[in-house]
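# Examining the three-dimensional arrangement
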Amino acid sequence: GWPAYGYERHDHPVQQACLEEVSRWASVATSDIGLAVDGCGVTVFVLQIQAMALAYARLADAARRSAEIPSRILHAMQTRPFLVGGTDRFDSALIEATEGRCIAKIGAEGVHCVAIVDEGIGIAVKVEDGAQRAQFPAVVSVLQHYGAIGKDLPPRLGDYVQRSLRNTRGEIVGEVRSLGAA
């Protein structure tokens, strides 16, 4: 029954309901959750990294226990990864490569949250400079550490983990890769 107009604004009932849910899943008071605006103009919630990981762990654990709404959310992400990330996007590739055992969602400025569904583990990564060049290898490395994905990655996912760096002339001048990979 809420109007669709203005749904993206923090004072809209949709965003207030979202804030209440984020508060509950992350165990952070609504008054302690910061508000910002993402690149699409929609309200986003600012949390400490530990709270993000906790929320993802709780989501995975609730889905494992067949709680209705968390199960529906994870099922949607697992069966339609394209709608999570999009064409040639890391989150879609990760969900597909793990056959839905891991779900992930990129955030702003080097933030990434992941759930290892079968284990009920939540992970949050923050790359200090906000660059994606280190973000994806870090996420894969952590998932390899937990045994959620193997050392040998499917090519589509492997492309995100080790990338050549090129100068303005197109020459390879270095690479980005995780030193902590399993």
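Everything that follows concerns the structure shown earlier in this document.
Small disclaimer: the values here were computed from a predicted structure and weren't measured.

## Points about the overall build of the chain
When helices and strands are counted, the chain shows 7 helices and 7 strands. For 182 residues, the compact-globule formula gives about 16 Å, and the C-alpha radius of gyration of the chain, at 17 Å, lands near that figure. Along the first, second and third principal axes, the C-alpha set of the chain runs to 55 × 40 × 30 Å. Per-residue burial over the chain gives 38% buried out of 182 residues. For the chain, restricting intrachain contacts to residue pairs at least 6 apart in sequence, the fraction spanning at least 24 positions comes to 43%. Within the structure as shown, the chain displays about 10,800 Å² of accessible surface, and the carbon and sulfur contribution to it stands at 53%. Taking the average location of the 18 positive side-chain charges in the chain and that of its 21 negative ones, the two points are 3 Å from each other.

## Quick look at the pairing of strand β5 (residues 121-126)
Pairing of strand β4 (residues 111-116) with β5 involves 6 bridges; the strand directions are antiparallel. Looking at β5, one finds that Ala 115 is bridged to Gly 122. As consecutive antiparallel partners, β4 and β5 are separated by 4 residues, and within that stretch Gly 120 has a phi angle of approximately 65°, a positive value.

## With respect to helix α2 (residues 49-64)
When the terminal C-alpha atoms of α2 are compared, their 23 Å separation across 16 residues agrees well with the 22 Å that a helix rising 1.5 Å per residue should span. Listed as buried for α2 are Ala 51, Met 52, Ala 53, Ala 55, Tyr 56, Ala 57, Leu 59, Ala 60, Ala 62 and Ala 63. For α2, the secondary structure elements touched by its buried residues are α1 (13-26), α3 (68-79), β3 (102-106), β4 and β5. In the stretch just after α2, Ser 66 is the one whose phi turns positive, near 65°.

## Concerning the pairing of strand β7 (residues 172-176)
Pairing of strand β6 (residues 163-166) with β7 involves 4 bridges; the strand directions are antiparallel. If you follow Arg 166 over to β7, its bridge partner there is Ile 172.

## Describing the packing of aromatic side chains
Overall, the coordinates contain 3 aromatic pairs when judged by the stated rule. Seen in terms of ring centroids, Phe 90 and Tyr 160 are 5.4 Å apart; in terms of plane orientation they differ by 80°. Their pairing is edge-to-face. In this pair, Phe 90 sits in helix α5 (residues 90-97) while Tyr 160 sits in helix α7 (residues 155-161), placing the two residues 70 residues apart along the sequence. The two residues Phe 90 and Tyr 160 agree in class, both being buried.

How each quantity is defined
- Residues numbered from 1 in each chain as written.
- Predicted model: local features only at pLDDT ≥ 70, side-chain atom pairs only at ≥ 80, totals over all residues.
- Heavy atoms only, no water.
- Helix = DSSP H or I, 4+ residues; strand = E, 2+ residues; numbered from the N terminus.
- Rg over C-alpha atoms; globule rule 2.2 N^0.38 Å.
- Buried < 20%, exposed > 50% of the residue type's maximum accessible area, 1.4 Å probe, protein only.
- Contact = heavy atoms within 4.5 Å.
- Areas by Shrake-Rupley, 256 points an atom, 1.4 Å probe, with all protein chains shown as cover.
- Lys, Arg positive; Asp, Glu negative; His and termini not counted.
- Charge placed at Lys NZ, Arg CZ, Asp CG, Glu CD.
- Pairing = 2+ DSSP bridges.
- Expected span 1.5 Å × (residues − 1).
- Phe/Tyr/Trp six-rings, centres within 6.5 Å; stacked < 30°, edge-to-face > 60°.

Remember that the coordinates give geometry; whether it matters functionally is a separate question.
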